[in-house]
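Fold and geometry: a report
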Amino acid sequence: MGYEWLALAAAFLWAVGSILSVEPAKYLGTFSYSRWRMGCTSITLTFIAWISGGWSTISGENIFPMMLSGFIGIFIGDTALFACFNRMGPRQAGLLFSCHAVFSAVIGYFLFNETMTSKELLGAVLVFSGVVTAIFFRKKGAEHKLDALSGSLWLGVILGLVAALCQALGGIIAKPVMITSVDPIAASALRMIAAFSAHMLLFLSRSRIARGHRSITLRVFSITFLNAFLAMVLGMTLILYALKDGNVGMVALLSSTTPIMLLPILWFYSGQTPNRYAWAGAIVAVIGTGTLVY
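First things first, this report covers the structure right here in the doc. (Residues numbered from 1 in each chain as written. Predicted model: local features only at pLDDT ≥ 70, side-chain atom pairs only at ≥ 80, totals over all residues. Heavy atoms only, no water.)

1. Let's talk about the packing of helix 1 (residues 3-28) against helix 8 (residues 218-245)
Cut-off, in case you're wondering: For helices, the fitted axis covers only the stretch in contact; all axes are lines through C-alpha atoms, and the angles between them, taken along N-to-C directions, range from 0 to 180 degrees. Helix numbers and strand numbers start at the N terminus; a helix is a DSSP run of H or I with at least 4 residues, a strand a run of E with at least 2. The labels follow the angle: roughly parallel below 35 degrees, roughly antiparallel above 145, roughly perpendicular from 65 to 115, and oblique for the rest. By definition, any crossing whose near helix is turned counterclockwise from its far helix by less than a right angle is left-handed, and any crossing with a clockwise turn is right-handed. Here the nonpolar group is Ala, Val, Leu, Ile, Met, Phe, Trp, Tyr, Cys and Pro; Asp, Glu, Lys and Arg are the charged ones; every other residue, Gly included, is treated as polar.
Contact pair helix 1 / helix 8: the axes reach a minimum separation of 8 Å and the direction vectors enclose 155 degrees. Relative to helix 8, the element helix 1 is oriented roughly antiparallel. Two packed elements cross with a definite hand, and for helix 1 against helix 8 that hand is left-handed. In the contact of helix 1 with helix 8, the residues fall into 23 nonpolar, 6 polar and 3 charged.

So this is what it looks like as structure tokens:
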């Protein structure tokens, strides 16, 4: 399977995972849900890497960059994304998260002296125009309850953009390691362990924000574990496999199709057709990311 299909498969799994995340994220709270999710993912990936012998491919020089990638891309980025989910719903949060393709191009320009052509600038404008269309011009009162705005709109936008930026940074940090012979499953386990360790340190510090809203139940744990397996164990690992053969920009482009995949899933889940602003915004955003890399 080529890296294109791996990235698209990851985008689909993230779309499914975003729907599964709505209930447990609201029930437990952002930090508590992320901590449980990262714990399930870390244990699962560690076990798989141990069984497959993937840990033998990890050298000392790989540990720091992969754990830094996990801290930025998953601990900060994933937590910000679920905070955005709680405020704006999975579709609008997914659209904001699709901006990580733009950030990947911009960061590449500054870090690697890559020139930004007028075509690339047009692509960036299209992505942000799509996001603005979907969020700020949505039809009031027409969305499913999953898309209902809770709290400050601007805070939700900031959290979504922070998540997108951290995703881009995490991918760029991981790329030099992934082009070596390192096993993607073991590398993904390192990223998750770093994120889970940060969550546990925050929890053990007795920080107020790390406390859960409620105690976890068997049902919520089951949904959380399923989400962790689909979106993180499979999805994030597929992205690392894709980065072994594909460039960061192309992988970012293909994985940014999550909002497009989310629309029919949300339609099926809620029974309510997304309005024209949702369709138009998602399509324009993906066209913009395509302009960046083609």
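Let's pick the thread back up.
2. A few points about a nonpolar patch on the surface
So the rule is basically this: The patch calculation keeps residues exceeding 30% relative accessible area without a salt bridge and links them within 9 Å when they carry like charges or within 5 Å when they are nonpolar (Val, Leu, Ile, Met, Phe, Trp, Tyr). Here, Shrake-Rupley sampling with a 1.4 Å probe gives the accessible areas, and only protein chains in the shown set may cover a residue. Within this document, salt bridges are pairs made up of a side-chain nitrogen of Lys or Arg and a carboxyl oxygen of Asp or Glu, the two lying within 4 Å of each other. Remark: exposure states derive from per-residue accessible area (1.4 Å probe, protein chains only) relative to the maximum for the residue type, with buried under 20%, exposed over 50%, and partly exposed in between.
On the surface, Phe71, Ile76, Ile158 and Val162 cluster together into a nonpolar patch covering about 300 Å² of accessible area. Taken together, the elements giving at least two residues each to the nonpolar patch come down to helix 3 (60-97) and helix 6 (153-178). Inspection of the secondary structure assignment puts Ile76 in helix 3. The exposure class assigned to Ile76 is partly exposed, which follows from its relative accessible area of 32%.

3. Here's the deal with the environment of Tyr27
The condition that has to hold: The criterion used for residue contact is that any of the two residues' heavy atoms lie within 4.5 Å.
With respect to the helices and strands, Tyr27 occurs in helix 1. Exposure remark for Tyr27: the relative accessible area of 24% places this residue in the partly exposed category. Separated by 150 residues in the primary sequence, Tyr27 and Val177 place their C-alpha atoms 37 Å from one another. If near-sequence neighbours (up to four positions away) are discounted, Tyr27 is found in contact with His213, Arg214, Ser215, Ile216, Thr217 and Val220.

4. As for helix 9 (residues 248-255)
Burial within helix 9 is extensive, with 7 of its 8 residues counted as buried. Here helix 9 has its buried residues at Val248, Met250, Val251, Ala252, Leu253, Leu254 and Ser255.

5. Some details on the environment of Leu161
For Leu161, the location among the structural elements is in helix 6. Given the relative accessible area of 25%, Leu161 is considered partly exposed.

6. So, empty space enclosed by the protein
For clarity, the threshold we go by: Grid points spaced at 1 Å and placed over the protein atoms alone form the basis of the search, with a cavity being a set where a 1.4 Å probe fits but cannot get out and a pocket an open set showing protein on both sides within 12 Å along at least five of seven lines. Lining residues have an atom within 4 Å of a point. Grid points are joined across faces, edges and corners, and a volume is the space filled by probe spheres set on the points.
In total, this model carries 2 cavities of 30 Å³ or more according to the counting rule given. Volume-wise, the largest cavity comes out at about 170 Å³. Forming the walls of the largest cavity are 17 residues, and the residues nearest its centre are Trp14, Ser18, Leu81, Phe85 and Phe97. Secondary structure elements with two or more residues in the lining of the largest cavity: helix 1, helix 3 and helix 8. Classifying every residue of the lining of the largest cavity by side-chain character gives 10 nonpolar, 5 polar and 2 charged. A volume near 130 Å³ is recorded for the second largest cavity. As for the second largest cavity, its lining consists of 14 residues, and the residues nearest its centre are Gln167, Gly171, Ile239, Leu243 and Val251. Elements supplying a minimum of two residues to the lining of the second largest cavity: helix 4 (100-112), helix 6, helix 8 and helix 9. Partitioning the lining of the second largest cavity into residue classes produces 8 nonpolar, 5 polar and 1 charged.

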